[in-house]
Amino acid sequence: MTEPVHGPDGPKTSTPFGVERHPARVVAFSDGVIAIAITLLVLEIRPPHDTSHLLHGLAALWPSYLAYVVTFMLIGQVWANHHIMFDHIRTADRVVLFLNTVLLMAIAFLPFVTSVLAAAFRDGQGQRTAVVLEGTAFWFMDLLFNIIWWYARRDRRLLTNTIDQTGVAAISRRFRLALIWLATGTLLGLLLPPLGVAVIAAFIPYYWLPIAGEIAKVQRRRGRRHRT
């Protein structure tokens, strides 16, 4: 049972999981945490101490560059998919707030994970553990994406009317595929660390592609306007 609650922004709806709020502040706070995490990545690249052989020292940092690029682009995907998800979430209750907080906690952990990955490849030791740590961190984040989206779509009152069932299913498929993809890269990292990194990195170009089903409704509307 729901009942109206009057707040400073007008009437809200109260549910067993607390007052439902507009997700704008959730997105703004998330953007801030993601921006800080993605900026901290570059601080893990330490300049060479021996400047008398600077070129060699800079070249030797290739594991740091690789870890930086892969993680930066993956966090960029997290940010993009976070916006895709919350573009269609109309309201956020305490469950959504809690799950999103856990997601941000995982994102804030990524600079450390990136540092571990770079150090392992630079030293030639612990590479399997480092790749598994990196893959598990991103797999856990995608699991949270799936849980948040599942929770929102199971009750249509949490979703906007800008997306139909086709779009909901398209986003769900994309999020579920990421679980399989990242798990595969993580497991391969146990056998051959460079292959695990390659599979996880291959995740990047595919997941920057638009979700076709999500924009189908908009395309149909445009098609009708063109015909008229």
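Worth saying up front: this structure is predicted, and the values here are computed from it rather than measured. (Residues numbered from 1 in each chain as written. Predicted model: local features only at pLDDT ≥ 70, side-chain atom pairs only at ≥ 80, totals over all residues. Heavy atoms only, no water.)

## Here we look at the packing of aromatic side chains
Given two aromatic rings, one states the distance between the centres and the angle between the planes to describe the pair.
Link 1 in the chain: As enumerated under the stated definition, the model contains eight aromatic pairs in all.
Link 2 in the chain: Both rings, one in Phe203 and one in Tyr207, keep their centres 4.2 Å apart while their planes meet at 20°; by these two values the pair is stacked. Here Phe203 pairs with Tyr207, and both are found in helix H8 (residues 193-207), just four residues apart, close to one helical turn.
Link 3 in the chain: Aromatic side chains Tyr206 and Tyr207 sit 5.1 Å apart centroid to centroid with 75° between the ring planes, which places their arrangement in the edge-to-face category.
Link 4 in the chain: Among the residues examined, Tyr206 registers a relative accessible area of 31% and is labelled partly exposed.
Link 5 in the chain: The residue whose ring lies beneath Arg154 is Trp150, and the NZ or CZ to ring-centre distance is 5.5 Å.
Link 6 in the chain: Here Arg174 stacks its cationic end above the ring of Tyr207, 5.2 Å away from the centre of that ring. (Phe/Tyr/Trp six-rings, centres within 6.5 Å; stacked < 30°, edge-to-face > 60°. Helix = DSSP H or I, 4+ residues; strand = E, 2+ residues; numbered from the N terminus. Buried < 20%, exposed > 50% of the residue type's maximum accessible area, 1.4 Å probe, protein only. Lys NZ or Arg CZ within 6 Å of the ring centre and 35° of its normal.)

## Quick word on helix H4 (residues 94-108)
Link 1 in the chain: For H4, built from 15 residues, the straight-helix expectation of 21 Å at 1.5 Å per residue is met to within 8% by its first-to-last C-alpha distance of 21 Å.
Link 2 in the chain: When we look at burial in H4, the residues that qualify are Val95, Val96, Leu99, Asn100, Val102, Leu103, Leu104, Ala106 and Ile107.
Link 3 in the chain: A distance of 3.1 Å separates the backbone nitrogen of Val95 from a side-chain oxygen at the start of H4, and that oxygen is part of Asp93. (Expected span 1.5 Å × (residues − 1). Polar contact = N/O pair within 3.5 Å; in protein donor to acceptor, adjacent residues only side chain to side chain.)

## Some words on empty space enclosed by the protein
Link 1 in the chain: Applying the stated rule across the entire model yields three cavities of 30 Å³ or more.
Link 2 in the chain: Here the largest cavity defines a volume of roughly 140 Å³.
Link 3 in the chain: Along the walls of the largest cavity sit 13 residues, with Val78, Asn81, Asp142, Phe145 and Phe203 positioned nearest its centre.
Link 4 in the chain: A breakdown of the residues in the lining of the largest cavity according to their chemical character gives 10 nonpolar, two polar and one charged. (1 Å grid on protein atoms, 1.4 Å probe; cavity = no way out; pocket = protein on both sides within 12 Å on 5 of 7 lines; lining within 4 Å. Points joined across faces, edges and corners; volume = space filled by probe spheres on them. Nonpolar A, V, L, I, M, F, W, Y, C, P; charged D, E, K, R; others polar.)

## Quick look at the environment of Leu188
Link 1 in the chain: Take Leu188: it is sitting in helix H7 (residues 165-191).
Link 2 in the chain: Its relative accessible area of 24% is what places Leu188 among the partly exposed residues.

## Topic: the confidence of the model for the chain
Link 1 in the chain: Summarising the model, the chain shows a mean pLDDT of 84, and 84% of its residues fall at 70 or more.
Link 2 in the chain: Predicted confidence for residues 1-11 stays below pLDDT 50, and this span has 16 contacts to residues more than four positions away or in other chains. (pLDDT = per-residue confidence, 0-100. Contact = heavy atoms within 4.5 Å.)

## Observations regarding the side chain of Ser172
Link 1 in the chain: Assignment of secondary structure puts Ser172 in helix H7.
Link 2 in the chain: We classify Ser172 as buried; its relative accessible area is 5%.
Link 3 in the chain: For Ser172, the side chain forms a polar contact with the side chain of Arg153, separated by 3.3 Å.
Link 4 in the chain: The residues touching Ser172, leaving out its near neighbours within four places in the chain, are Asn146, Trp149 and Arg153.

## Let's talk about the environment of Phe109
Link 1 in the chain: Relative to the elements of secondary structure, Phe109 occurs in the loop between H4 and helix H5 (110-123).
Link 2 in the chain: For Phe109, a relative accessible area of 38% corresponds to the partly exposed category.
Link 3 in the chain: Here the alpha-carbon distance between Phe109 and Ala137, two residues 28 residues apart in the chain, equals 8.2 Å.

## Some remarks on the packing of helix H6 (residues 127-153) against H8
Link 1 in the chain: Across the interface, H6 lies against H8 with an axial gap of 9 Å and an inter-helix angle of 20°. One finds that H6 runs roughly parallel with respect to H8. Of the two possible hands of crossing, H6 and H8 adopt the one that is left-handed. Across the interface between the two elements, Gln127, Arg128, Val131 and Gly135 from H6 touch Pro193, Gly196, Val197 and Ile200 from H8. (Axes fitted to C-alpha atoms, helices over the stretch in contact; angles between N-to-C directions. Parallel < 35°, antiparallel > 145°, perpendicular 65-115°, else oblique. Left-handed = near helix turned anticlockwise from the far one by under 90°.)

## Details of the nonpolar core
Link 1 in the chain: Met85, Ile89, Ile107, Phe138, Met141 and Trp149 are the most contacted members of the largest nonpolar core, which totals 48 residues.
Link 2 in the chain: Only helix H1 (24-40), helix H3 (62-87), H4, H5, H6, H7 and H8 provide two or more residues apiece to this core.
Link 3 in the chain: Tallying contributions element by element places H6 first for this core, with nine residues.
Link 4 in the chain: The contacts of Ile89, once residues within four sequence positions are left out, are Pro23, Ile148, Trp149, Ala152, Leu158, Leu159 and Thr160. (Core = buried A, V, L, I, M, F, W, Y, C linked by side-chain atoms within 4.5 Å.)

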